[in-house]
Amino acid sequence: MITGFNHTSFTVADMDRAVRFWTEAMGFEAASVSPRSGDWQAAVTGVEGAELLVAHLYGYGSHIEFIQYVEGAAPGGQIGPNAPSAAHVCFEVSDIEATWKRLLAAGASAQGEIADVSSGVMQGVRAGYLRDPNGIIIELVERPLG
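Notes on the structure follow. All values derive from a computational prediction rather than experimental measurement.

## Topic: the sheet that holds strand β2 (residues 29-36)
Argument step 1. One open sheet holds the 4 strands; their spatial order is β1-β4-β3-β2, and the pairing between them is mixed. On the outer flanks of this sheet lie β1 (8-11) and β2, each paired with one strand and no other. Put simply, the sheet's adjacent strands are angled 20 degrees from each other on average, direction ignored.
Argument step 2. Where β2 lies against strand β3 (residues 51-59), 7 bridges are found, and the strand directions are antiparallel. Looking at β3, one finds that Ser-34 is bridged to Val-54.

Next comes the structure, spelled out in structure tokens:
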């Protein structure tokens, strides 16, 4: 029986860049960044010889974990938002243009562009996809005032 939701996790290539961007640009607080090693890492992850660096960040009522494989890393590469198992995190913002520009200046890159949503329950919303410096997709959503 599921009793609650704990966190969302992303594997990153560069932990320092992840923690810096998510604390300085996104406003999260890093609770811990620590190495993890031992046979249990391979057992839990299914990755032979896994040695990890793990960060736990908190903000906006959320808990995000970042994992960098120090040993056992697979070759990287960004997958598109349309690929199976792709994921993104979505944040509501009060000024999408200003937030977009601030995140780009902090090291994010545009995945798409800001657009007006014109259908369904999201009608009247403005939204856009960015990527953080490690390639994690971030959606920004601005709801209409009123």
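## Considerations on the packing of aromatic side chains
Argument step 1. According to the stated counting rule, one finds 7 aromatic pairs in the structure shown.
Argument step 2. Taking 6.3 Å as the distance between ring centres and 75 degrees as the angle between the ring planes, the aromatic pair formed by Phe-21 and Trp-22 counts as edge-to-face. In terms of burial, Phe-21 and Trp-22 fall into one category: buried.
Argument step 3. Ring geometry for Phe-28 and Phe-91: centres 6.0 Å apart, planes at 80 degrees, overall edge-to-face. You can see Phe-28 sitting in the loop between α1 (15-25) and β2 and its partner Phe-91 sitting in strand β5 (residues 88-92), a full 63 residues away along the chain.
Argument step 4. Since its relative accessible area comes to 14%, Phe-91 is described here as buried.
Argument step 5. Members of the aromatic cluster, joined through ring pairs, are Phe-21, Trp-22, Phe-28, Tyr-60, Phe-66 and Phe-91.

## Section: helix α3 (residues 96-105)
Argument step 1. Considered for burial, the residues of α3 that qualify are Ile-96, Thr-99, Trp-100 and Leu-103. Summarising the axial view, the buried residues of α3 lie within an arc of 100 degrees, below the 170-degree limit, and thus occupy one face. Exposed side chains of α3 directed beyond 90 degrees from the buried face belong to Lys-101 and Ala-105.
Argument step 2. In this structure, the buried residues of α3 make contact with α1, β6 (109-110), β8 (126-131) and β9 (137-142).
Argument step 3. Sitting at the amino-terminal end of α3 is Asp-95, which places a side-chain oxygen 3.3 Å from the backbone nitrogen of Glu-97.
Argument step 4. Just beyond α3, the residue with positive phi is Gly-107, at close to 120 degrees.

## Describing the pairing of β3
Argument step 1. Sheet analysis places β3 next to strand β4 (residues 62-71), joined by 9 bridges and oriented antiparallel. Residue pairing in the sheet places Leu-57 in a bridge with Ile-64 of β4.
Argument step 2. Where β3 folds back onto β4 in an antiparallel hairpin, the turn is made up of 2 residues, including Tyr-60, whose phi is positive at roughly 55 degrees.

Cut-offs applied
Residues numbered from 1 in each chain as written. Predicted model: local features only at pLDDT ≥ 70, side-chain atom pairs only at ≥ 80, totals over all residues. Heavy atoms only, no water. Pairing = 2+ DSSP bridges. Helix = DSSP H or I, 4+ residues; strand = E, 2+ residues; numbered from the N terminus. Axes fitted to C-alpha atoms, helices over the stretch in contact; angles between N-to-C directions. Phe/Tyr/Trp six-rings, centres within 6.5 Å; stacked < 30°, edge-to-face > 60°. Buried < 20%, exposed > 50% of the residue type's maximum accessible area, 1.4 Å probe, protein only. Arc of directions from axis to C-beta. Contact = heavy atoms within 4.5 Å. Polar contact = N/O pair within 3.5 Å; in protein donor to acceptor, adjacent residues only side chain to side chain.

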